[in-house]
Amino acid sequence: MKILGIETSCDETAASVVEDGRHLLSNVIASQASLHAQYGGVVPEVASRQHLEAMVPVVEAALREAECSFGDLDAIAVTHGPGLAGALLIGVNVAKALAFSYSLPLLGINHLEAHVYANWLEEDDPPELPALCLIVSGGHSDIVLMEGNGRFRRLGGTRDDAAGEAFDKVARILGLGFPGGPAIEKEAKNATSTQLRLPRAWLRGTNDFSFSGLKTAMLRLARGENGVTPPIAEMAAAFQESVADVLVEKTIAAVRKHRVATVMLAGGVAANSRLRELLRERSPVTVRIPRPALCTDNGAMVAAAAFYKAEDGTANGLALDIEPGLGIGRS
Ligand code: KG4
Ligand code: ZN
């Protein structure tokens, strides 16, 4: 079964053809990051206009690279939430037009579930369930229990900034540019000392996180309010360590409590090498993490998430609408 996955929820215009939910036949991503960098963050109106320009060429490239035509496809899948409303509208309307024109089933996909399903891509075996998923992106940070395909239960998450948002804000404080995650990771590698230790908000007894205190601590440090300002690389390394430590400890606590078979990382922040390393070091169960390029937004994960729905014969029809505030597994 070949599915075209379309993704436009934030600042990546992406399309991919995936076979049987795991074989990547193509994966085309037009990133707008350099355009938004001059504003220090994603500007929604600019993102929508860019999606409009890039969408058709990106879909054409995805089909070309996969060496298939619309007639070879079995379904069209598109992210319909959560995300920026104007950005989601472009992907959803293009997907609807294609599904209508080529008489293909249309599937609306939850972006956060799609991030989780990136763990099915390029692997021979699906992850063993139940699994504990840590979804950490620019807009969301959730600890979710996955009991079966499409069956998610949210256990907790951030009470303030998403992990990626914290990386982006702290990168701005340190003058490292946008997007902040990769910039902080790169700078942290230059640290010559790991003595600097920043606070961690444990919120014990919960599956929740908070990054606002850490962000304030970084701001004070960068402004020299504690005396001497440490080198930028040391501050970047200490920040990254603090975020990774808290995320991994809280995830492992949930893994033990729920006795899952697998723990999975998902979302843009899952590309972070220190987070990946710490989880692998500390996990008592099998760890699954997509390769970094499949952690950040892409169309392949959308097609992977759609596969199980398509197999069941689920389809949305042309009434599919955007859901900018969609969450995952909320009771
Ligand atoms: O999942 P994603 O591509 O888009 C959203 O759904 O939000 O995540 C983007 C976020 C950004 O905040 C970016 O700074 C962060 O993921 N990110 C990283 C890394 N690569 C991307 N954070 C830490 N380390 C990285 N290597
Ligand atoms: Zn994302």
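Everything numeric here is computed off the predicted structure, so don't read it as measured data.

K.L.:
So what exactly am I meant to see when it comes to helix α5 (residues 163-173) here?
P.N.:
The periodicity of an α-helix, 3.6 residues per turn, causes residues three or four positions apart to be oriented the same way. Listed as buried for α5 are A163, G164, A166, F167, V170 and A171. In a view along the axis of α5, the buried residues occupy a sector of 155°, so they form one face of it. Buried positions along α5 lie against β6 (131-136), β7 (141-148), α6 (180-188), α7 (212-222) and α8 (232-258).

K.L.:
Is there a simple way to explain the layout of surface pockets in this structure?
P.N.:
Summary: where empty space remains is shown by rolling a probe the size of a single water molecule over the atoms. A volume near 960 Å³ is recorded for the largest pocket. As for the largest pocket, its lining consists of 37 residues, of which C10, S137, G138, G139 and D168 are closest to the centre. Only α4 (111-117), α5 and α6 provide two or more residues apiece to the lining of the largest pocket. When residues in the lining of the largest pocket are grouped by element, the largest group, 6 residues, is from α5. Residues lining the lining of the largest pocket come from more than one domain, with at least three contributed by each of domain 1 (2-121 + 294-311) and domain 2 (131-290).

K.L.:
Explanation requested: the nonpolar core in the structure shown.
P.N.:
Generally speaking, nonpolar side chains in soluble globular proteins are found buried as a group. With 43 residues, the main nonpolar core has L132, F211, F239, L247 and L275 as its most contacted residues. At the level of elements, β6, β7, α5, α6, α7, α8, β9 (262-266) and α9 (273-282) are the ones that each hand at least two residues to this core. Tallying contributions element by element places α8 first for this core, with 13 residues. Look past the residues within four positions of F239 in its chain and what remains in contact with it is A166, F167, V170, I184, L198, L214 and M218. Counting residues in hydrophobic clusters, the runner-up holds 33 residues, among them L107, V144, M146 and A303.

Reading the values: rules and limits
- Residues numbered from 1 in each chain as written.
- Chains lettered and ligands numbered in written order.
- Predicted model: local features only at pLDDT ≥ 70, side-chain atom pairs only at ≥ 80, totals over all residues.
- Heavy atoms only, no water.
- Buried < 20%, exposed > 50% of the residue type's maximum accessible area, 1.4 Å probe, protein only.
- Helix = DSSP H or I, 4+ residues; strand = E, 2+ residues; numbered from the N terminus.
- Arc of directions from axis to C-beta.
- Contact = heavy atoms within 4.5 Å.
- 1 Å grid on protein atoms, 1.4 Å probe; cavity = no way out; pocket = protein on both sides within 12 Å on 5 of 7 lines; lining within 4 Å.
- Points joined across faces, edges and corners; volume = space filled by probe spheres on them.
- Domains from an automatic or database assignment.
- Core = buried A, V, L, I, M, F, W, Y, C linked by side-chain atoms within 4.5 Å.

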